[in-house]
Amino acid sequence: MRIFLLCTLLSFGYFGSTQSFLKTQGKDIVNENGDPFLLRGMGLGGWMVQEGYMLQTADFANPQHEIKEFIEELVGAEATEEFYDAWLANHVSKSDIDLLAEWGFNSVRLPMHYNLYTLPIEDEPVEGENTWIDKGFVLTDSLISWCAQNNIYVVLDMHATPGGQGYDSGISDYDPTKPSLFESEANQEKLASLWKQLAIRYKDEPWVAGYDLINEPNWDLPGGTLLRTIYERVTDSIRTIDTEHILFIEGNWFANDFTGLTPPWDDEIVYSPHKYWSVNDQASIQWVLDLRDTYDRPLYLGESGENSNQWFRDAIALLEGENIGWAWWPMKKIEAIAGPLSVNKTFGYEAILNYGKGTGPKPTEESAKLALTQVANNFKTQNCVFEPGVIDAMFRQVSSDETVPYKTHSIPGVINAAHYDLGSEGNAYFDTESGTYHVTTGEYTAWNNGWTLRNDGVDIEPTMDQENEAQINVGWTAEGEWMKYSLSDVEEGAYTVNLRTAGGDFGGKFHFSADGVDITDSPFVPFSGGYQSWQTTTVENVVLYAETDHIVFHSDGSGFNLGQFEFIKTGEISDIATTFVSGITKSETVVSIDVNKFIKESSVLNPSDFSLLVSGQIITPVAAQISSEDARIIELTVDQELTFQNIIKASYFGNSIASTDGVVLDGFTLKDITNNLEEFFVIPTKIEAEDYFNQE
């Protein structure tokens, strides 16, 4: 068997490759040319080390040994081994690595379980000796081969050490009935021996970026002395064989306490903190930047993720701005939106989960076997559900504020509310909650209350509306939220828009804009009796021009769910009146009025035809003009300063303004103008502390 494996490795052609090793040079990881190299990676979490939260078993079986015991109780030992063989075969394959390369990743981080490579100390036939297991090495060989074919580096990460390296059993498969890594000399020796064996196997492999010696230790280790001792012991074991590869060093308490781990004890050390759920500003990582500067060592963020797309974008922009490489976590989970690939959960697997949680009967052995076979099969690349927004946020959005279509939309047609553009918050959408920062704030925020389809702040859920083609709706709407939809084709004309809404309260309002100009007023969403009691809400006489390239849906008041909206052409633009749509304060002296059609350039804009009622005072504008930004906007200038406290209404009594189709603008009386001037306080005064403008 060993001879066969060696021949197989040589046939892959990745040993003896002309590719050079990644090395450290001061604060940088560098390539063969000495140029800084930024690792952009994905953690293959769940493949070799199962964690309960990824399988949705954490309520009753969190570490892998508990998950395995639970499965054995259901289907027996033989079927359990068959399940794990299928799991390891399907969870990661060459097709996954091909995808990672296509998306833009240049590395993967392999979380390894020691028990795929060697026996636990309790099971060794001869105490103090090591029995090596082929399975883990074969899997690792295959991964390195797939990565080498894609020019992708592999970081070997000891994710579950002999005995387990932390109180958090779900991470390292720690069993508190047995001695941990930190309580057992035998486990420490086995860890050092395993790393030596890995070094023997991969010392000449340049596509191995380096060795991450211990993942996220979390144990009471005063002064970090024992942790450093173990690190140095493992380093010495590796360096007897391999003097080339980088050593990634994680601090205690989930990688972030480097007490006792400085100064570095090897020339190729890279310090590897992890970052989850904290704000994304320089202050949040200054402590680790100081570590880099003090000891002239590179940094590598070995884990991050489990948050919103906006958080991903901001975190990666922060890291790359400081020349810090990264690996996200994880690639696949069961029915999750925060990773690039989601695994479908079958009814049979749901029954297994219900039994484990005590909310359902025990499945039969045959049904449990079938369900486990199906879920293992669903982990195959081709059976996963791709979440494009995650990858878009991690790569394109980091350097671009542009949006791109999530789906192609044309008008006339139906647009599902959840199919807004791909892009960052403030560009593709706005939501009042767009990530969780509970490590910083102390309060967890569900950025997507529906946990369906997409990983942005927009709350999406399955719908009960039988008329909804996509069977999903946007919910939990709040005032000020909006979503943008890029259009590929628009047939010019007048439209009726039928929206599928569910009014669970009485405060729902909305409007549409196109290319930055309001194209509807703000009608109320009728109360329908509940958030899944669906109705059609209609908006008539909406004008759309052929050059319109996007529309935006705005929530002007909470209390409703939105499913889809259908644009139905009812006639030509000239068939309907030219009318007032909305108005806002553009500055302290300018009021901007949107009308539904482009104004003819030859129109005479007489300021005396307009009047503004400003907090009860009638003001006649001193100037009126068509905006240079858009010909549907009329700008009125006044000769006195407006303030945020003013209540403003606008009227028009003339007949000299016409749209490009020749239809004269209808007069209007006392139309509300939205006052969005910045608030300010005149000192001396009393200011309530909670009256801040906004929070970022």
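Only a predicted model underlies this, so the values are computations on that prediction, with no experimental measurement involved.

A look at the overall build of the protein
Reasoning step 1: The number of helices and strands found in the protein is 17 helices and 34 strands.
Reasoning step 2: Residue burial in the protein is summarised as follows: out of 696 residues, 55% are buried.
Reasoning step 3: Within the protein, contacts between residues at least 6 apart in sequence are counted, and of these 72% link residues at least 24 apart.
Reasoning step 4: Seen as two clouds, the 41 positive and the 106 negative side-chain charges of the protein have centres 5 Å apart.

Overview of a negative patch on the surface
Reasoning step 1: Among the surface-exposed residues, E588, E641, E678 and E679 lie close enough to one another that they form a single negatively charged patch.
Reasoning step 2: Tracing the backbone through its elements, the reader meets E679 in the segment after strand 34 (668-673).
Reasoning step 3: Judged by its relative accessible area of 39%, E679 is partly exposed.

Concerning the pattern of salt bridges
Reasoning step 1: In this structure the tally under the stated criterion is 39 salt bridges.
Reasoning step 2: Between E303 and R109 there is a salt bridge, with its nearest N and O atoms 3.0 Å apart. Of this pair, E303 sits in strand 9 (residues 300-305) while R109 sits in strand 4 (residues 107-113), and the two are 194 residues apart along the sequence.
Reasoning step 3: Given the relative accessible area of 0%, R109 is considered buried.
Reasoning step 4: K586 is the partner of E635 in a salt bridge, and the nearest nitrogen-oxygen pair spans 2.6 Å. Taken as a pair, E635 in strand 32 (residues 633-637) and K586 in the loop between strand 27 (580-585) and strand 28 (590-595) lie far apart in primary sequence, 49 residues in all.

Quick notes on the packing of helix 8 (residues 185-202) against helix 9 (residues 225-239)
Reasoning step 1: The interhelical angle for the contact between helix 8 and helix 9, taken along N-to-C directions, is 35 degrees, at an axis separation of 8 Å. Read as a crossing pair, helix 8 and helix 9 show a hand that is right-handed. Side by side, helix 8 and helix 9 meet where E185, Q188, E189, L191, A192, S193, W195, K196 and A199 of the first sit next to L226, I230, R233, V234, S237 and I238 of the second.
Reasoning step 2: Of the residues contributing to the contact of helix 8 with helix 9, the split by class is eight nonpolar, three polar and four charged.

A word on helix 12 (residues 309-321)
Reasoning step 1: Between its first and last C-alpha, helix 12 extends 18 Å over 13 residues, near the 18 Å set by a 1.5 Å rise per residue.
Reasoning step 2: Two residues or fewer past helix 12, N323 is found with a positive phi of approximately 60 degrees.

As for helix 8
Reasoning step 1: In a regular helix each residue adds 1.5 Å, so 18 residues correspond to 26 Å; helix 8 covers 26 Å between its end C-alpha atoms and thus fits that length.
Reasoning step 2: Of the residues making up helix 8, those classed as buried are N187, Q188, K190, L191, A192, S193, L194, W195, L198, A199 and Y202.
Reasoning step 3: Its side-chain oxygen at 3.3 Å from the backbone nitrogen of A186, S184 defines the N-terminal cap of helix 8.

Thoughts on the sheet that holds strand 32
Reasoning step 1: The four strands are arranged 27-28-32-31 in an open sheet whose pairing can be described as antiparallel. In this open sheet, the two edge strands, each paired with only one partner strand, are strand 27 and strand 31 (623-626). Between one strand and the next, the sheet's axes are offset by a mean angle of 20 degrees, whatever the strand orientation.
Reasoning step 2: In the sheet, strand 27 pairs with strand 28 via five bridges, with the strands oriented antiparallel. Bridge assignment links F580 to a residue of strand 28, and that residue is V595.

Examining the pairing of strand 22 (residues 509-514)
Reasoning step 1: Summarising burial for strand 22: five of the six residues are buried, a large majority.
Reasoning step 2: Inspection of the sheet shows strand 22 paired to strand 25 (residues 550-557) by six bridges, in the antiparallel sense. Among the inter-strand pairings, A514 is bridged to a residue of strand 25, identified as I551.
Reasoning step 3: Here two bridges tie strand 22 to strand 23 (residues 517-518), and the two strands are oriented antiparallel to one another.

Comments concerning the sheet that holds strand 34
The pairing of strands in a sheet happens through backbone hydrogen bonds and is either parallel or antiparallel.
Reasoning step 1: Sheet architecture is open: four strands sit in the order 30-29-33-34, paired in antiparallel fashion. Every interior strand has two partners, whereas the edge strands, strand 30 (617-619) and strand 34, have only one. Put simply, the sheet's adjacent strands are angled 25 degrees from each other on average, direction ignored.
Reasoning step 2: With four bridges connecting them, strand 33 (residues 648-652) and strand 34 associate as antiparallel partners. Bridge pairing in strand 34 places I648 opposite I673.

Some words on the packing of helix 3 (residues 64-75) against helix 13 (residues 347-356)
Reasoning step 1: Relative orientation of the contacting elements helix 3 and helix 13 amounts to 110 degrees, with a least axis distance of 12 Å. Of the possible angle classes, the one that applies to helix 3 and helix 13 is roughly perpendicular. Every residue of helix 13 that contacts helix 3 at F70, E73 and L74 is listed here: I352, Y355 and G356.

Some remarks on the packing of aromatic side chains
By convention here, two paired aromatic rings are described through the distance between centres and the angle between planes.
Reasoning step 1: Applying the stated criterion to the full structure yields 43 aromatic pairs.
Reasoning step 2: Between W87 and F379, the ring centres sit 4.5 Å apart and the planes meet at 50 degrees, which makes this aromatic pair tilted. Here W87, found in helix 4 (residues 77-91), pairs with F379, found in the loop between helix 14 (365-378) and strand 13 (385-386); they are 292 residues apart in sequence, far enough to count as distant. The residues W87 and F379 share a single accessibility class, namely buried.
Reasoning step 3: Here the aromatic residues Y485, Y495, F510, F512, F553, F560, F565 and F567 are joined through ring pairs into a cluster of three or more.

A look at the pairing of strand 3 (residues 40-43)
Reasoning step 1: Taken together, the three bridges between strand 3 and strand 10 (residues 325-329) define a ladder with parallel strand orientation. Each bridged residue has a counterpart across the sheet, and for M42 the counterpart in strand 10 is W328.
Reasoning step 2: When strand 3 meets strand 4, the two strands line up parallel, connected through three bridges. By the bridge assignment, M42 is partnered in strand 4 with V108.

Calculation rules
- Residues numbered from 1 in each chain as written.
- Predicted model: local features only at pLDDT ≥ 70, side-chain atom pairs only at ≥ 80, totals over all residues.
- Heavy atoms only, no water.
- Helix = DSSP H or I, 4+ residues; strand = E, 2+ residues; numbered from the N terminus.
- Buried < 20%, exposed > 50% of the residue type's maximum accessible area, 1.4 Å probe, protein only.
- Contact = heavy atoms within 4.5 Å.
- Lys, Arg positive; Asp, Glu negative; His and termini not counted.
- Charge placed at Lys NZ, Arg CZ, Asp CG, Glu CD.
- Patch = residues over 30% accessible without salt bridge, like charges linked within 9 Å, V, L, I, M, F, W, Y side chains within 5 Å.
- Areas by Shrake-Rupley, 256 points an atom, 1.4 Å probe, with all protein chains shown as cover.
- Salt bridge = Lys/Arg side-chain N within 4 Å of Asp/Glu carboxyl O.
- Axes fitted to C-alpha atoms, helices over the stretch in contact; angles between N-to-C directions.
- Left-handed = near helix turned anticlockwise from the far one by under 90°.
- Nonpolar A, V, L, I, M, F, W, Y, C, P; charged D, E, K, R; others polar.
- Expected span 1.5 Å × (residues − 1).
- Polar contact = N/O pair within 3.5 Å; in protein donor to acceptor, adjacent residues only side chain to side chain.
- Pairing = 2+ DSSP bridges.
- Parallel < 35°, antiparallel > 145°, perpendicular 65-115°, else oblique.
- Phe/Tyr/Trp six-rings, centres within 6.5 Å; stacked < 30°, edge-to-face > 60°.

Keep in mind these values describe shape, not function.
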